[in-house]
Amino acid sequence: MRTVIIGSGSWGTALGQVLADNQQDVIVYGRNQAEVSDINENHHNTKYFKETELNPLLTATQDLSVVEGADFVLLAVPTIAIEDMCKKIDGYLKPNTIVINVSKGFHPETNERMSDVIRRSISSNKLSSVVSLIGPSHAEEVVIRQLTTIDAISLKMEDAKQVQMLFSNRYFRIYTGSDEIGSELGAALKNVMAIASGILSGLGYQDNTRAALITRGLQEMVRYGTFFGGQERTFMGLTGIGDLIVTCTSKHSRNFECGYQIGQENTVDNFWANNTKTVEGVRTAKIVHRVAEKNHISMPICEEVYQILYNHKKPDTCADSLMLRDLKEEFR
Ligand SMILES: NC(=O)C1=CN([C@@H]2O[C@H](COP(=O)(O)OP(=O)(O)OC[C@H]3O[C@@H](n4cnc5c(N)ncnc54)[C@H](OP(=O)(O)O)[C@@H]3O)[C@@H](O)[C@H]2O)C=CC1
Ligand SMILES: O=C(CO)COP(=O)(O)O
């Protein structure tokens, strides 16, 4: 069985190494010459992992035709690039390919979940199913083989099980599930909560505040996710509370880091001027704002993040906005 990973960034490289550790036939496609050479010649991906030495069995290429004949194709590019990438690889795919999604967020214009984008953008005869591999998993820790557990979610359980077998090993354990809506919505929304958690930390708020944020953030995720058909119990698992905890509390989270900078500087201006990293929660906040408003879903924390990011609301006024809200506005 052959796997091609599309994207030589942090997550593509770390997941490639898991498969190399499992002695699977795997290769990473990257558009960036420096990253590809670094992997092939130095067994490093210095841009993302500094000194960490990669498994020498992991190789990379800049030739997209490598996708031809692959049994598994894993898309490790940001949400904004998924549709375009699916269209580029479609011609190379063989029938019944399992496409693995790891991106967390929505299509920037249509608001679709990633599995829907992939199903729409790849010819149906080429696709066995989409399996989303999501859960609490910072690439920086997976690449140094920290114990990690995530979910393989698919509408086709036999494909989820194949992905489970492919990736599982002594430091990387995969569980399976079928609640695609609840899992993908949880993984997308937790990024907005991680920005909120970073903002509050940057403003100087401590442990009580973070616990409140995580708990009330989870309530918002459940409210939003169940409105669209996700199952409440999914949010108590790895793609919900698990991913929420890891990103709201970790220095590795780019969403947390983005929020932290905004909170410390008490303005969003430098973030907009200088950010070059993949911070998925920023666009997700805008989509959640639009969708929640249209459907009358109460999302007070997400709304504050949106107001800070897009309407220049001062971060230090947001605590009052949340804490002094009408007490009658109480959702369990
Ligand atoms: N990093 C992590 O710990 C985790 C990430 N994820 C999710 O995985 C997804 C990918 O993130 P991650 O690997 O971290 O991101 P990175 O920014 O580390 O890497 C993104 C990769 O995609 C490439 N890329 C970016 N834009 C395009 C494009 N338009 N066309 C083709 N290639 C493109 C980049 O190339 P270049 O270097 O040339 O810009 C880079 O190789 C995100 O949705 C993220 O939320 C999920 C779990 C963990
Ligand atoms: O999703 C992640 C870990 O599970 C990565 O989080 P960030 O995108 O915030 O770095």
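Refer to the structure presented above.
Predicted, not measured: the structure shown is a model, and the values here were computed from it. (Residues numbered from 1 in each chain as written. Chains lettered and ligands numbered in written order. Predicted model: local features only at pLDDT ≥ 70, side-chain atom pairs only at ≥ 80, totals over all residues. Heavy atoms only, no water.)

Colleague: Sorry, what's going on with the layout of surface pockets here?
Modeller: The gaps of empty space that remain are located by a probe, the size of a water molecule, rolled over the atoms. Taken as a whole, the largest pocket spans an internal volume of roughly 1,600 Å³. Looking at the lining of the largest pocket, the elements with two or more residues in it are helix H1 (10–21), helix H3 (46–49), helix H4 (79–90), helix H6 (139–142), helix H8 (180–202), helix H10 (238–249), helix H11 (254–265) and helix H13 (280–295). Per element, the largest residue contribution to the lining of the largest pocket is five residues, and it comes from H4. Among the residues making up the lining of the largest pocket, the classes are represented as 16 nonpolar, 18 polar and 16 charged. Taken together, domain 1 (2–178) and domain 2 (182–323) each give at least three residues to the lining of the largest pocket, which thus spans both. In this structure, the second largest pocket spans a volume of roughly 560 Å³. Of all the secondary structure elements, the ones that give two or more residues to the lining of the second largest pocket are helix H9 (207–227), helix H14 (300–311) and helix H15 (318–323). (1 Å grid on protein atoms, 1.4 Å probe; cavity = no way out; pocket = protein on both sides within 12 Å on 5 of 7 lines; lining within 4 Å. Points joined across faces, edges and corners; volume = space filled by probe spheres on them. Helix = DSSP H or I, 4+ residues; strand = E, 2+ residues; numbered from the N terminus. Nonpolar A, V, L, I, M, F, W, Y, C, P; charged D, E, K, R; others polar. Domains from an automatic or database assignment.)

Colleague: Explain the site of ligand 2 to me, please; I cannot follow it from the model alone.
Modeller: In the vicinity of ligand 2 there are 13 residues, among which Lys104, Lys190, Asp243, Ser253 and Asn255 approach most closely. Take Gly135: an N or O atom from its main chain is 3.2 Å from an oxygen atom of ligand 2. At a separation of 2.8 Å, an oxygen atom of ligand 2 approaches a polar backbone atom of Arg254. Considered on its own, ligand 2 offers 310 Å² of accessible surface; in the complex 92% of this is hidden by protein. Structurally, ligand 2 is housed in the largest pocket. When contributions to the shell around ligand 2 are tallied by element, the ones reaching two or more residues are H10 and H11. Tallying contributions element by element places H10 first for the shell around ligand 2, with three residues. When residues of the shell around ligand 2 are assigned to domains, at least three map to each of domain 1 (2–178) and domain 2 (182–323). (Near = heavy atom within 4 Å. Polar contact = N/O pair within 3.5 Å; in protein donor to acceptor, adjacent residues only side chain to side chain. Areas by Shrake-Rupley, 256 points an atom, 1.4 Å probe, with all protein chains shown as cover. Sits in = over half its atoms within 2 Å of the grid points.)

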